[in-house]
Every structure is written in structure tokens, then in C-alpha cells.
Protein chains: 2
Amino acid sequence: MSSPKPQIPNSKKRDQPGHKLLAIPGPVEVGNNVLEALAQPPLSHVSPDFTRIFQQGLLLSKKVVGSASGQPFIIAGSGTLGWDQVGANLVERGDRVLVLRTGYFGDGFSSCLTSYGAKVTTLKAPSLGEPVSLGDLESALLGQNFKLITVTHVDTSTGVLSDIKSIAAVARRVSPQTLIVLDAVCSAGCEDIKMDAWGIDVVLTASQKAIGALPGLSLLIASPRALETYSTRTSPIQGYYASWQKWLPIMEAYMAGKAAYFGTQPVNLVRALTEALQDIMKNGEEGLALRIEAHRKAARRLRAVAAQLGMKTLTSRGAEAAGLTAVWVPEGLTATKILQRAGAKGVVMAGGLLAEVKDRYIRIGHMGVSVVDERRGDIEKITDTLYAVVTELLEEKRPEPATS
Amino acid sequence: MSSPKPQIPNSKKRDQPGHKLLAIPGPVEVGNNVLEALAQPPLSHVSPDFTRIFQQGLLLSKKVVGSASGQPFIIAGSGTLGWDQVGANLVERGDRVLVLRTGYFGDGFSSCLTSYGAKVTTLKAPSLGEPVSLGDLESALLGQNFKLITVTHVDTSTGVLSDIKSIAAVARRVSPQTLIVLDAVCSAGCEDIKMDAWGIDVVLTASQKAIGALPGLSLLIASPRALETYSTRTSPIQGYYASWQKWLPIMEAYMAGKAAYFGTQPVNLVRALTEALQDIMKNGEEGLALRIEAHRKAARRLRAVAAQLGMKTLTSRGAEAAGLTAVWVPEGLTATKILQRAGAKGVVMAGGLLAEVKDRYIRIGHMGVSVVDERRGDIEKITDTLYAVVTELLEEKRPEPATS
């Protein structure tokens with residue numbers, strides 16, 4: 001008897017029209033099946049069909065981050081809405097929060113929590129491209145009581161990967177009452193996350209990066225401890241759209257296979273998300289591990305080509321993300337020039353996000369179907385294009401030999 | 001010579017797969033061209049292509065609500081996020097707000113603003129199915145100073161249409177400093193809205209109703225006066241994701257044809273939205289007026305069939321919405337029974353949203369392409385189905401004649 005292999009819907013679906021290849025850190029290329037799921041006529045948000053799809057999406061979102069006990073939330077919004085969910089539901093005015101900062105997105109999370117009344121202490125990485133030191137973390141946690149710490153798993157502005165397993169272990173040991181919040185926007189689906197096993201209290205992410213769906217959905221998983229903190233808060237929740245008071249009963253209902261209404265679910269985005277999550281989890285945890293390894297391999301390939309071109313990574317050794325590579329532009333070139341030339345060759349790469357070095361580095365995303373489906377040849381196209389563009393631009397810069 | 005007939009982009013697009021006809025008050029059926037726009041491979045949110053599409057969407061969203069001077073915001077989220085935008089940006093703790101309540105959504109708006117510290121006074125309609133009386137409004141405004149009033153243009157729970165033109169006129173005359181906020185979630189695209197001419201300060205809506213796109217986008221237009229109120233507030237904005245401090249520079253940039261980043265735009269939803277908005281505005285204001293009239297006509301047809309069946313509308317005479325009909329279920333039947341039977345015949349209608357009379361009325365949505373593209377035959381299918389279902393169910397209830 002044949003094993004119950006998941007059907008690969010790609011084969012029976014139409015191909016995507018020709019387009020520039022997205023090699024940015026989100027949105028990413030999506031599978032034909034994901035686009036096809038997106039393109040179905042809309043369902044009623046309270047229909048049995050949608051309820052099944054949403055239930056499936058909620059259940060699968062937990063699996064991707066290694067949580068059996070967590071409560072998922074999937075809400076229309078960008079990844080940023082996850083920060084607001086943390087601020088609105090877990091922070092009360094005056095609460096102390098420790099933000100581990102490895103780039104732009106640490107600053108953003110900090111601003112967000114401040115707007116909800118948190119007193120934020122920022123723990124910066126020693127220098128650009130490095131993760132926060134575990135020793136500094138331990139000192140910070142010993143020096144003060146924090147209600148929660150936030151960690152950007154992969155900061156999309158720098159490509160720095162934080163060792164969340166070790167960070168969580170330190171936090172749990174030194175300050176066991178502190179909630180651990182992981183911003184996994186650029187990591188869920190391509191980096192290892194064991195939410196339950198490592199004792200993480202919130203994992204938040206978005207649909208358009210390594211999850212491999214379309215932008216427009218905030219995904220968040222809250223541990224029982226995080227929900228306990230939420231439900232025992234003494235001050236009212238600030239705001240409405242990000243309030244778990246509104247969304248928790250809705251998510252619980254759909255998890256139980258029943259429809260419920262607060263805001264209208266973005267039914268098409270959810271359908272595409274569930275399709276993408278099914279792809280990720282179709283071979284269980286083993287498949288997820290292979291997927292993560294495939295992303296690491298793509299990252300190594302890209303770094304090898306960059307090295308050939310004399311382009312150094314922004315990120316210190318050992319802290320390189322699997323889904324995103326940030327590299328310095330060679331002497332004499334600018335990010336703008338490289339991006340323009342790559343775009344003309346049909347590959348869309350991203351510029352810098354850090355104001356101080358904006359035009360001095362580029363970011364290349366390698367996530368989702370571009371990595372997983374080798375038949376597409378996306379990674380070859382990206383590495384070939386990078387090589388050709390930088391070689392050409394350097395060539396053009398070389399002074400003409402004087403005519404004899 | 002033939003009149004300038006609008007091009008029908010449908011013809012060159014693939015047809016939608018067979019599916020149950022959505023006759024709920026959102027999500028609604030969408031045109032093939034809208035679904036096709038949705039289904040394009042994702043664009044970079046900062047690419048020139050997306051920038052053009054987003055710019056176009058922003059400009060067109062103003063036209064649909066009759067605003068030349070307003071500032072549009074289009075943000076990933078459900079319609080509810082529009083309430084939060086009002087609460088976060090225009091309300092400061094202790095501000096007095098008058099909510100005109102004609103159903104469930106007035107209560108929701110009220111809860112939302114309360115969560116941002118507003119002191120809400122609710123002005124209720126005299127009874128279920130009626131709009132708020134203009135006399136009561138005038139008294140309320142004379143009795144107290146309100147920073148803003150909110151009006152649900154069409155309350156999706158009751159189908160009650162509020163006469164926003166007259167309401168705005170009263171408010172401007174009696175309390176000229178009060179901001180006028182219109183919840184147009186179930187009206188923009190199928191009811192007359194002259195934002196600038198009538199002196200409305202905020203119009204908020206969503207993508208999945210009469211706008212005719214897919215759910216997942218909050219649309220909001222703010223008048224110069226509303227922006228002035230926002231920019232002169234003395235307390236910090238509450239929250240982050242709904243903050244205009246974050247989004248205003250982004251929207252201004254895209255309006256000017258330049259990309260900018262705060263959160264990742266839901267590029268596919270925006271593309272479909274722009275397509276839908278182009279359909280709405282392709283024949284200018286005249287076309288928009290014809291579109292609104294087409295919705296009124298569909299509403300009259302539906303009410304006529306309901307009347308034949310002895311089903312009274314929930315809504316008082318003159319306050320019937322153009323895009324939504326709420327009717328009482330005939331004696332002896334339940335909403336559940338009617339919805340089930342209609343669903344089995346391929347038409348999805350909606351139940352009640354008001355807890356106290358939930359199973360005693362049904363709601364039928366007639367918005368967007370179902371109304372505008374008569375070749376689809378959607379309105380016939382909806383009216384025929386309603387007629388057949390109710391007739392059958394009444395027939396089945398009739399006692400069997402005694403066998404002789």
C-alpha cells in the first residue's frame with residue numbers, strides 16, 4: 001500500500017505569468033498552488049468551508065513554531081500588528097521591558113511598546129552585524145526586573161540571527177518570571193523555533209516571508225503563560241483592533257471548528273496562507289527540519305558567491321540568517337547602482353534599511369518556494385545575477401587604458 | 001453612434017470556478033478582473049509598479065467618497081481598524097464623543113472609542129430599524145460640546161441607512177467645531193457620499209463590500225480639519241499600528257509617486273482594490289451615480305419579492321440601504337432554516353447580527369459586481385432562490401390534509 005503522500009497541487013495548476021524574480025526579504029515568490037488558493041472566489045467568513053480552512057491554518061501555524069500548547073491568532077494586518085498585540089495585551093503602563101536590539105526592527109518594537117506605556121531598556125548588540133551578548137543579557141536581567149524581553153530572531157535590516165534558544169535559556173534561568181517574546185517575522189518557516197521546548201511565551205510573525213504566503217496577515221502564538229498574564233492584567237486593554245479580548249473568543253471558536261465574528265477575516269489571504277502552511281508541514285517535523293536546512297544551504301551558496309566578488313557580509317560569523325543575506329557593496333559601487341542593474345536583469349533585490357549605511361549594503365532574500373522548489377532555479381538566477389551585475393559594474397569603473 | 005459603453009475587462013479574463021453565490025453583506029462576489037489582479041505574482045512593496053498601483057488606489061479611494069481635499073489611508077486590516085484609526089489619532093482621554101446608534105456597529109464603534117479614553121454618549125434610534133432623529137441630534141449637540149460625532153452610514157446589522165447629508169448639515173450648523181466621522185463600511189461604493197461638499201471629516205470603509213474587492217484592507221479618508229486635529233493633539237498617540245504618525249508619511253509618499261516603508265503593504269490585496277476602484281470610477285462621477293442607482297434598483301427588486309412572500313423589511317420606510325436588505329422571517333420559520341435551504345440551492349445569505357432577534361431575520365447583501373454586471377444574473381438568482389426557499393418551507397409547514 002502506498003503511504004498517504006500529500007498531493008502536490010502545483011502540477012495541476014496554471015503557471016504564473018513572467019515577472020521579475022523577488023529576491024527581497026519579503027514579499028517572496030509564492031508557489032503556483034498558493035497563488036491559486038488566493039485566486040479562488042471569496043468565501044463567506046462564517047461558512048463551513050472557510051471555517052475548516054481557517055481552523056487548519058491556525059493549527060498549522062502552531063506547528064511551524066514548535067508549539068502544542070500555544071494559542072494562535074491570525075489577524076488581517078502587517079507583521080507590525082504583532083508588536084501592537086504584545087503592547088496592547090501584555091504591557092501595562094510602567095511595565096519594564098528589555099528590548100534586544102540587532103537592527104532597525106528592535107527600534108521599531110521598542111517604539112511600539114513605549115506607545116503602550118512600557119518603560120523600555122534597550123540592550124544593543126556590541127556592534128553592527130553582531131547579536132547581543134549573552135553575558136550582557138544576563139547582567140541586564142540580574143540588574144532589574146523585567147516583565148518581558150523581546151528578541152528579533154532575524155533582524156531584516158541587518159540579517160543578524162539571534163540565538164533564541166540560548167537567550168531563552170539564560171532568561172529562564174536568571175529571570176524565570178520574565179515573558180520571552182520572539183519577533184519571528186523573518187524567521188518562522190526558515191529558522192529553528194521550538195516555542196514550547198525553549199520556553200518562549202510569544203512568537204509573532206507575518207505571512208509574506210519564509211511562511212511563503214502573501215502579505216497582509218499577522219500571525220501570533222501566545223503561550224499559556226502569556227495568556228495568563230493577559231487575563232490577569234489589572235488595567236484595561238489599550239485599543240480595540242489589537243485586543244485579545246476581542247480576538248481570543250474568535251480564534252478559540254475557529255480552532256473548535258465553529259465560525260465567529262469580530263472583524264471580517266481576509267478570506268483569500270487566509271486560504272493562501274493555509275495552503276502555504278500545508279506545504280511547510282506536509283512531511284511533519286522532519287520536513288520542516290529539511291526546509292530549514294535548505295534555507296541554510298541557499299544562504300551559504302549566496303555568501304560564497306558574494307565572497308568571490310569580495311563582498312563581505314554585514315553579519316558576524318555564526319549569526320548569519322538562513323533566509324536573508326546582507327552584504328557590503330564593493331568599494332566604489334553603490335547599492336542603488338547594483339539594485340538598478342539587477343532589476344534590469346529581472347531580479348529584485350533590496351537596499352539597506354539602516355539610515356547611516358543605507359547605500360553601502362544590499363539585502364537579498366532567499367525564502368520560501370525559491371529555496372524549496374529547486375526546479376524553479378531561483379537561487380541560481382539570483383547568484384548568477386549578483387555575479388554578473390557586480391562584475392559588470394566593477395569592469396565599467398576600471399579606467400580605460402591610455403591609447404598609445 | 002453608440003454611447004461610450006464601459007469596457008468590460010471580464011471578457012478577456014478566465015472565468016471563475018463554480019461556487020456558491022455570495023449574497024451576504026460582505027465579502028461579496030468580485031469581478032473576474034479583480035480576482036485576476038489579486039492572483040498576479042506578488043510585487044515588491046517598494047517597486048515602481050506597485051507604487052503606481054498604490055498611488056492610483058489612494059487617488060481613486062478619495063473620488064468614491066467625493067473628496068478632493070482629503071488624505072487617504074489604505075492599511076492592511078479589517079474595516080474595524082478604521083475605528084481604531086479614529087480612536088488612536090483623533091481622541092484624547094476625556095474627549096466627549098457622540099455615537100449615533102442604528103445597530104450593532106454603533107455599539108462596536110462606541111466600545112472602540114471608549115478603549116481610547118473617549119467619554120461616549122450614545123444617541124439611539126427611537127426603535128429598531130429606524131434612523132436617529134434629527135431633532136434628537138440637534139438637542140444632543142446643543143446640550144453638550146462634543147469633539148466628534150460618529151455615524152454608521154449603513155448599519156450592516158439592521159440595514160438602516162442614515163441620512164448623512166442632513167446629519168452633517170445639522171451638526172455643522174449647531175456645533176460647527178465638532179468633527180463628523182462616517183462609518184461607510186457598508187455604503188462606500190453604493191450610497192451617495194459627498195465628503196467635501198457635506199463637510200464630513202472622516203470617511204472610513206473596507207475593501208470587501210460595495211467597493212467590490214477582497215477583505216483585508218481598511219480605507220480611510222481624513223479631511224484637512226481632521227488632520228489638523230490629529231497634528232495639534234497634546235497627548236501622545238495611543239498605540240502604534242493605527243498611528244497616523246507612522247502611516248501619514250507613507251501615504252503622502254505613495255500619493256506623490258514615491259515608495260516608503262512602515263509596514264509591508266498587502267500588495268496583492270491593493271492590486272485587486274485598485275482594479276475594483278477603477279471599475280467604479282471608470283465613467284467618472286456620472287458612472288458612480290449610475291452605480292448607486294443600480295444598487296437602489298436591486299434593493300427595490302429584492303424588497304418587492306420579499307413583500308410578495310409576506311416578509312417585512314426590518315428597516316423603516318425611507319431608511320432602506322441600497323446594498324443590503326434585512327427582512328423578518330415569516331411566522332413559523334427561522335432564519336437558520338432559510339439560510340440552510342438557500343445554501344443548498346447555491347446562494348449564501350446571512351443571519352441576524354442582533355442577539356435579541358438573531359434567528360428572526362435574515363440579511364441579504366446586493367453589492368458590487370452582482371448588481372453592476374447584469375449578465376451574471378446574480379440578482380435574479382438571489383430573488384428566485386429567496387422566493388423558492390420561503391415558498392417551499394411554508395408549503396412544508398402546512399398541515400397535511402387528513403386522508404379520507
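Residues numbered from 1 in each chain as written. Chains lettered and ligands numbered in written order. Predicted model: local features only at pLDDT ≥ 70, side-chain atom pairs only at ≥ 80, totals over all residues. Heavy atoms only, no water.

Looking at an unreviewed UniProt entry, chain A carries the name alanine--glyoxylate transaminase, with the source organism given as Agaricus bisporus var. burnettii. UniProt, in its Sequence similarities (unreviewed entry) section for chain A, records the words "Belongs to the class-V pyridoxal-phosphate-dependent aminotransferase family." A UniProt comment under Cofactor (unreviewed entry) is attached to chain A, and it reads "pyridoxal 5'-phosphate". (UniProt positions renumbered as here; feature names shortened; annotations may be inferred.)

Let's shift gears to the overall build of chain A. Looking only at helices and strands, one finds 14 helices and 13 strands in chain A. Computed over C-alpha atoms, the radius of gyration of chain A comes to 22 Å, within 12% of the 22 Å expected from 2.2 N^0.38 for 404 residues, which places it in the range of a compact globule. With the C-alpha coordinates of chain A rotated into their principal frame, the extents come out at 85 × 60 × 40 Å. Across the 404 residues in chain A, those meeting the buried criterion constitute 62%. Accessible surface, chain A as shown: approximately 15400 Å² in total, 51% of it carbon and sulfur. Here chain A holds 44 positive side-chain charges and 38 negative ones, and the gap between their average locations is 2 Å. (Helix = DSSP H or I, 4+ residues; strand = E, 2+ residues; numbered from the N terminus. Rg over C-alpha atoms; globule rule 2.2 N^0.38 Å. Buried < 20%, exposed > 50% of the residue type's maximum accessible area, 1.4 Å probe, protein only. Areas by Shrake-Rupley, 256 points an atom, 1.4 Å probe, with all protein chains shown as cover. Lys, Arg positive; Asp, Glu negative; His and termini not counted. Charge placed at Lys NZ, Arg CZ, Asp CG, Glu CD.)

The subject of this paragraph is the relation of the copies chain B and chain A. Each of the two chain copies can be generated from the other by rotation about an axis followed by a shift along it. Screw-axis analysis of chain B against chain A gives a translation of 0.0 Å along the axis, an RMSD of 0.0 Å, and a rotation angle of 180°. Taken together, the turn and the small shift mark the pair as related by a two-fold rotation axis. Both copies present the same face, since 100% of the interface residues in chain B are matched by interface residues at the equivalent positions in chain A. (Least-squares fit on C-alpha atoms with pLDDT ≥ 70 in both. Contact = heavy atoms within 4.5 Å.)

Let us now look at the UniProt feature "binding site: substrate" (unreviewed entry) in chain A. Residue and element names in this part refer to chain A. As annotated by UniProt and renumbered to match this structure, "binding site: substrate" (unreviewed entry) occupies R363. Relative to the assigned elements, R363 resides in strand 13 (residues 361-365). Ignoring sequence-local partners within four residues, the contact set of R363 consists of A23, P25, T156, S157, L324, T325, A326, M349, A350, G351, G352 and L353.

Our next topic: the state of the cysteines. Under the criterion given, the structure shown has zero disulfides over all chains. C112(B) forms no disulfide, and the closest cysteine sulfur to it belongs to C112(A), at a distance of 16 Å. Using a relative accessible area of 0% as the deciding quantity, one classes C112(B) as buried. (Disulfide = S-S within 2.5 Å.)

Residue and element names in this part refer to chain A. Contact geometry of helix 2 (residues 48-64) with helix 9 (residues 244-255) gives a least axis separation of 8 Å together with a crossing angle of 100°. In terms of their interaxial angle, helix 2 and helix 9 are classed as roughly perpendicular. When helix 2 is examined against helix 9, the residues F50, T51, F54, Q55, L58, L59 and K62 are found in contact with a partner set consisting of M251, Y254 and M255. In terms of residue class, the contact of helix 2 with helix 9 is made up of seven nonpolar, two polar and one charged. (Axes fitted to C-alpha atoms, helices over the stretch in contact; angles between N-to-C directions. Parallel < 35°, antiparallel > 145°, perpendicular 65-115°, else oblique. Nonpolar A, V, L, I, M, F, W, Y, C, P; charged D, E, K, R; others polar.)

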